[in-house]
Amino acid sequence: MKKLVMGVLAHVDSGKTTLSEGLLYLTGSIRKAGRVDHGNTALDTNEIEKSRGITVFSKQAMLTYNDIELCLLDTPGHVDFGAEAERTLQVLDCAVLIISSLDGVQNHTVTLWNLLKNYNVPVFVFINKMDLAGADKAVVLSQLKKELSAECIDFSADEEIYLEECAMADETVMDSFLEKGTVSDNDISQLIAGRKIFPCFFGSALKMDGLENFLSAVARYAPQKEYGEKFGAKVFKISYDGNDRLTFMKITGGSLKVKDSVPQVNKNGESHTEKVNRIRLYTGEKFRTEQELTAGSICAVTGLNHTYPGQGLGTEKNSRGAVLQAIFSYKVLFDSKYDVRTVLQKLRQLEEEEPQLHVEWKEQVKEIHLSLMGEIQLEIIKTLFFQRYGIEIDFDAGSVLYKETIANTVEGVGHYEPLRHYSEVHLLMEPGKAGSGLVFDTLVSEDKLDRNWQRLILTHLKEKTHIGVLTGSPITDMKITLVNGRAHLKHTEGGDFRQSTYRAVRQGLMQAESVLLEPWYDFEITVPTENIGRVMTDIQKMSGEFNAPQQEGDKAVLTGYAPVSEINSYGSEIINFTRGKGRILLQFKGYLPCHNADEVIVRFDYNPESDLVNIPDSVFCTHGAGFVVKWDEVKSKMHLESFLKTRKEQEERPVRITPRQVEQYYSSLEADKELMKIFEQTYGKIKTDKYLALKSAPKNENTNKNKPVNYDREFLLVDGYNIIFAWEHLKKIAAEDIEDARHKLANTLCNYQGFKNNLEVILVFDAYKVKGNVGEISKYHNITIVYTKEAETADMYIEKVTHQIARNHRVRVATSDGLEQIIILGHGAMRMSASALLEEVGEVEKAIREFLQ
C-alpha cells in the first residue's frame, strides 16, 4: 500500500477542519462527522480549540482510500499560529490549500502559498463553501490565476479541457499530447510534483459535496516519494501527554522499531543516541501503538528527550531556519508568590513545543520576556499555562521585537587569561544581506588552532542570543567568522573559550557602527476611490512608502510597505472610515532600519558598558594575577596579529616593476614562438636589434639593486569567470562571446606568467553544471587551465588546491568572490582581489611597453 502525507492548510474560517472531518467520515475512519461550531470534531480536541472554534495545534489523522494509506496533518489557520503550520511543511508529500468561495484569496492565504513555494510542496486547491449564496466559480478561479498562479487548473471541468490545460504547462507533455491526444496520469503526477500545475476542486466540505471527487484525484495523481534504506527521520513537533514527552516525526529512510537506538546530534553539536520506548499512530487524540514503521510514515515516539522541531535524525539533515518569525515582545507578569525560576522552567517546557516563543531571561532587570506572533497567541498562552501548571500569568502591553545589525566590518577580540586560564579569539564581523540572519564560519588553519577548539568556539557563537549595544536587542543579518585564535597547552579549558568568544562578539559590536532594525509589513490596501487620499496621507505619517495607486472599477488599490508598529492596527481604522468597504492585506516584509531609532534608543535607556552579563572587556594576566582591560584598549594588549590590519597591508602592497624584469621576460620569448605570437598580438610586431647583445648596459643601472626576490615556488590561482565578470573590458566581450573572453584572459595571463618567470599560473573555470563532466586539466603554453568536474565549483577546487600547497609554497588567489577570498586566507594563502590583479597586469603591460619604446 502506498503512503502519502498530505497537509491541510487554509486561512482561518475557510473550512479546513470541516474538510478533514469530511474526509475521515468518507473513508470510514470515524462513524459520525463532527462540526466545529458544535465542538465535537475528531481533530480539534483541546478545550481551547473547542471554546474558540479554531485550530491551535497541528493534528494527525490516519485514513485509507483505495490503495493509499493517507496521513492528514491538519494545521492551524490563524496567522498567530503560522509557525506551527510552517513546521509541518517540511514533512509533507503534498498539501491541500482550502479557500473560501466568498472570501477568496486572503492575507494569510498568500503567506501560506509563499511558504508552500519555499518548501517546494506540491499543492491541490479546494474551493470550499460553494453552497453559499454569492459563490461564483468563475470569479474565484480568475482570482486564483491572478493572485496565486496562472497554472491553477479546474479539475472539476470536463477531462478533455483540463488535460489540454495540463499539456500547455510543459513542452514535453505538449508534444506527447499532440501525438497521442491525451496526457498520462504519470505526466500529470510529475507536473504536480514539479509545481507546474495546481489542480483545483470545488465543493462544500460541510455537505460532503465534491469531497469524493477530490480524494479520488489525490489518490490518482499525488506524487509518490522514494526513500533510502538507511534510517532517517525529520522531527516536526514536540508535545506532552501527561508525563510522556512525544516526538512527532516523519521517517524518511529505512525503518524504526521499538527499542531502536536513534542517533542524533543536539543543538550544541554533541552526538548521542536514545532508545525508542513506544511508537504511536494518532488520529486526533486517539492513537494505536506499532512495533515497527517504514519510511513515509508519520508517528509519535516516546523515549527521546533531547529532540527539537526541525532536527534531522539518522541520515536526515536539520532543517534551515523558519521563514515566519515572531515580531512582538512581551514581558511576563505573575504573582510574587510564585518562584520566578519555576515560572521560567515551565515556560521553557512550552518553548519546546513552540520554539518561536523564544523565552528570554533578562538578568539585568530580572524579567522573563516572550516573543509572540500576536494577541490571539497571547491569550492562548495564558490559558494553556493555567490549565497545565495552575499558574496565572499575564503580559504587559508589549512592543514590536527590535533587532540590531552593523553597517561596517570590524574585528572583535576577546582575551581571557586569569591565573591558570588562557584563550584569545579574533572574530571578523561583517554586515549581511537583509534577512540573512546570523552566519558563522571559521577560516583558521588547524596548524594555528586545533579543530576541536574551533568547533567549540563556533558552538559558543551559536548557543547564545547575542544582543546589540543600542537597545540590548538580538543581533541579526551578520556574518561572524573566526579568523584567529590561540590556546595554551596546559592552562586552556573549555570554559575559557566561552568567555573569550562572548567578549570578542561584544568588543566587536562596541567598535561597530550599529543599526537598529524593526519589522516592516508589505501592504495592499483597497478602498473606495474617494478614500485613497486619506490612506496615502496616513501612510506618509507612518513613515511608510507606497507606489502609485491603481484603479480597479470604483475602488483604488495602494501597495507599499510600512513599520509594523505603525500599521498593525490600521485595519480597524479602514473599516470605520470606509464603512466596511475597504480592506488591508499585510505580509511580513522583513527587518529594515527603524523609522524612529533615536526615540526608541532613548526609551530603552540601555547602557552596554553596565551590562554585567554581556561584557566587552578582556582579562589579561601579569605577575601571576588577572586584570581587566577595557574594550577600547584590548587591541593594544592582544597577543595575536590583527586580521584586518594584515589584510589591509597585503592589499596596499605596491607593485614594483623593474626594467631588468622586463628585459628578462622579453629575452625568454625568443625561445618560444607561440608565446612570442601572443606577445605580439598584445604589443604589436617587434623590430629586433640583432646587435643588441653587443651593446653595453646603461651605466646608471644597478643590476644588484633590481635583482628579483627568489621564491622557492610561487602559485597564482585565478577564478576565471569571477575575473572575467569583474574586469569591465572582458565582461563586455563575454556578453557577445564567452569563449573569446576566456581566450583573451588566458593570453593575458600567459604574458603575465612569462614576465613573472618564477610563477605558476592556474586558471580555473566552472564546469560543474555540465552533466557527466569529469573535469579537465590542460597546459596552455606556459599556464595551466582547469575545467572543474560536475558538482565542483571553481571556488571548491581553488580551496582544495590551496589547502594542499599553501603550507610549502607561496600562494595567491585572485577572485572577486568575497567569501572565497576569506576562505583561502584561512588556508595560509594571500588574497588578491580582481581589481588588484588587473592593476598588477596593467603595471606589467605598462612596463613592457615602456621597455619596447
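Rules behind the numbers
Think of each chain on its own: its residues are numbered from 1, step by step along the sequence as written. The model is predicted, so local features are restricted to residues of pLDDT at least 70 and side-chain atom pairs to those at 80 or more, both for listing and for counting; the totals for chains, interfaces and linings are taken over all residues. With hydrogens and water set aside, each side-chain value is computed from the structure's full complement of heavy atoms. Strands are runs of DSSP state E lasting at least two residues, helices are runs of H or I lasting at least four, and both sets are numbered from the N terminus onward. Residue contacts are counted whenever heavy atoms from the two residues lie within 4.5 Å of one another. Residue burial considers only the protein chains on display, and all accessible areas are found by Shrake-Rupley using a 1.4 Å probe. When DSSP finds two or more bridges between two strands, those strands count as paired. Axis geometry follows a simple rule: fit a line to the C-alpha atoms, using only the stretch in contact for helices, then measure angles between N-to-C directions, giving values from 0 to 180 degrees. In summary, the pairing rule links any two rings of Phe, Tyr or Trp, Trp by its six-membered ring, whose centres are within 6.5 Å, and it sorts them by plane angle into stacked for under 30 degrees, edge-to-face for over 60 and tilted for everything else. Only protein chains enter the accessibility calculation, which uses a 1.4 Å probe. A residue is then buried if its area is under 20% of the maximum for its type, exposed if over 50%, and partly exposed in between. Here, over-ring charges are defined by two tests on the NZ atom of lysine or the CZ atom of arginine: distance to the ring centre within 6 Å, and angle to the ring normal within 35 degrees. Small angles under 35 degrees read as roughly parallel and large ones over 145 as roughly antiparallel, with 65 to 115 read as roughly perpendicular and the rest as oblique. Crossing chirality is assigned from the near helix's rotation relative to the far helix, an anticlockwise turn below a right angle marking it left-handed and a clockwise turn marking it right-handed. Under the convention adopted here, Pro, Cys and the residues Ala, Val, Leu, Ile, Met, Phe, Trp and Tyr are nonpolar, Asp, Glu, Lys and Arg are charged, and Gly plus all remaining residues are polar. To estimate the expected span of a helix, count its residues, drop one, and scale the result by 1.5 Å. Within this document, salt bridges are pairs made up of a side-chain nitrogen of Lys or Arg and a carboxyl oxygen of Asp or Glu, the two lying within 4 Å of each other. The predictor reports its confidence for every residue as pLDDT, a score running from 0 up to 100.

Moving on, we get to the overall build of the chain. Across its full length, the chain holds 26 helices and 40 strands. Within the chain, contacts between residues at least 6 apart in sequence are counted, and of these 71% link residues at least 24 apart. Of the roughly 41,200 Å² of accessible surface on the chain, a fraction of 47% belongs to carbon and sulfur atoms.

Moving on, we get to the sheet that holds strand β35 (residues 714-719). Reading across the sheet, the six strands line up as β37-β38-β36-β35-β39-β40 and stay open at both edges, with mixed pairing between neighbours. Since the sheet does not close on itself, it has two edges, and those belong to β37 (776-780) and β40 (830-833), each with one partner. Put simply, the sheet's adjacent strands are angled 20 degrees from each other on average, direction ignored. In this sheet, strand β39 (residues 810-815) lies alongside β35 in parallel orientation, the contact comprising five bridges. Considered in β39, the bridge of Leu 716 is made with Arg 812.

Read across the sheet, six strands follow the order β14-β13-β16-β9-β8-β17 without closing on themselves; strand pairing throughout is antiparallel. Two strands bound the open sheet, and with one partner strand each, they are β14 (286-290) and β17 (312-314). Between one strand axis and the next, the sheet turns by 40 degrees as a mean value, whatever way the strands run. Note that strand β8 (residues 232-241) and β17 share three bridges and pair antiparallel. Across the sheet, Lys 234 pairs through a bridge with Gly 312, a residue of β17.

In this section: the packing of aromatic side chains. Evaluated as defined, the whole model comprises 21 aromatic pairs. Summarising the aromatic geometry, the rings of Tyr 330 and Phe 395 are spaced 6.2 Å apart at their centres and angled 70 degrees between planes, so their arrangement reads as edge-to-face. Of this pair, Tyr 330 sits in strand β18 (residues 328-334) while Phe 395 sits in strand β21 (residues 393-395), and the two are 65 residues apart along the sequence. With relative accessibility at 6%, the residue Tyr 330 sits in the buried group. Directly above the aromatic system of Phe 202 lies the positively charged group of Lys 137, at a separation of 5.1 Å from the ring centroid. Note that Arg 742 overlies the ring of Phe 765, its terminal NZ or CZ placed 6.0 Å from the centroid.

We now examine the pairing of strand β36 (residues 759-765). Here β36 lies mainly inside the structure; six of its seven residues are buried. When β35 meets β36, the two strands line up parallel, connected through six bridges. Across the sheet, residue Leu 716 finds its bridge partner in β36, namely Val 761. Of the strand pairs in this sheet, β36 and strand β38 (residues 783-787) are connected by four bridges, and their pairing is parallel. Within the sheet, the bridge partner assigned to Leu 763 lies in β38 and is Ile 785.

In this section: the packing of helix α14 (residues 532-541) against helix α16 (residues 570-577). Where α14 meets α16, the axes come as close as 12 Å, and the angle between the chain directions of the two elements is 155 degrees. On the basis of the axis angle, α14 is roughly antiparallel to α16. Considering only the axes of α14 and α16, their crossing is right-handed. For the pair α14 and α16, the contacting residues are Arg 534, Val 535 and Asp 538 in the first and Tyr 570, Glu 573 and Phe 577 in the second. Here the contact of α14 with α16 is built from residues that sort into three nonpolar, no polar and three charged.

Attention now moves to helix α4 (residues 107-118). An α-helix turns once per 3.6 residues; consequently, residues spaced three or four apart project the same way. Compared with an ideal rise of 1.5 Å per residue, which puts twelve residues at 16 Å, α4 spans 17 Å between its outermost C-alpha atoms and is within 8% of the ideal. Within α4 the residues assigned to the buried category are His 108, Thr 109, Thr 111, Leu 112, Trp 113, Leu 115 and Leu 116. Considering only its buried residues, α4 is in contact with β1 (2-10), α3 (82-89), β4 (94-100), β5 (123-128), β7 (198-202) and β32 (583-593). Looking one or two residues beyond α4, the residue adopting positive phi is Asn 120, at roughly 55 degrees.

The next point concerns the pattern of salt bridges. Applying the stated rule across the entire model yields 36 salt bridges. Put simply, Lys 479 and Asp 441 hold a salt bridge, and the shortest N to O gap is 3.8 Å. Here the residue Lys 479 occupies a position in strand β27 (residues 478-487), and Asp 441 occupies one in strand β26 (residues 438-442), the gap between them amounting to 38 residues. Since its relative accessible area comes to 16%, Lys 479 is described here as buried. The closest approach of N and O atoms between Glu 840 and Arg 812, which form a salt bridge, is 3.5 Å. Highlighted residues: Glu 840 in helix α26 (residues 834-852) and Arg 812 in strand β39, separated in sequence by 28 residues. Each of the two residues, Glu 840 as well as Arg 812, counts as buried.

Taken residue by residue, the chain gives an average pLDDT of 85. The fraction at 70 or more is 88%. Element-level mean pLDDT values for the chain span from 48 in helix α25 (residues 818-826) up to 97 in β7. For the stretch residues 688-711, pLDDT sits under 50, and the model shows eleven contacts to residues farther than four places along the chain or on other chains. When the criterion is pLDDT under 50, residues 819-824 qualifies, and its contacts beyond four places in sequence or with other chains add up to 25 contacts.

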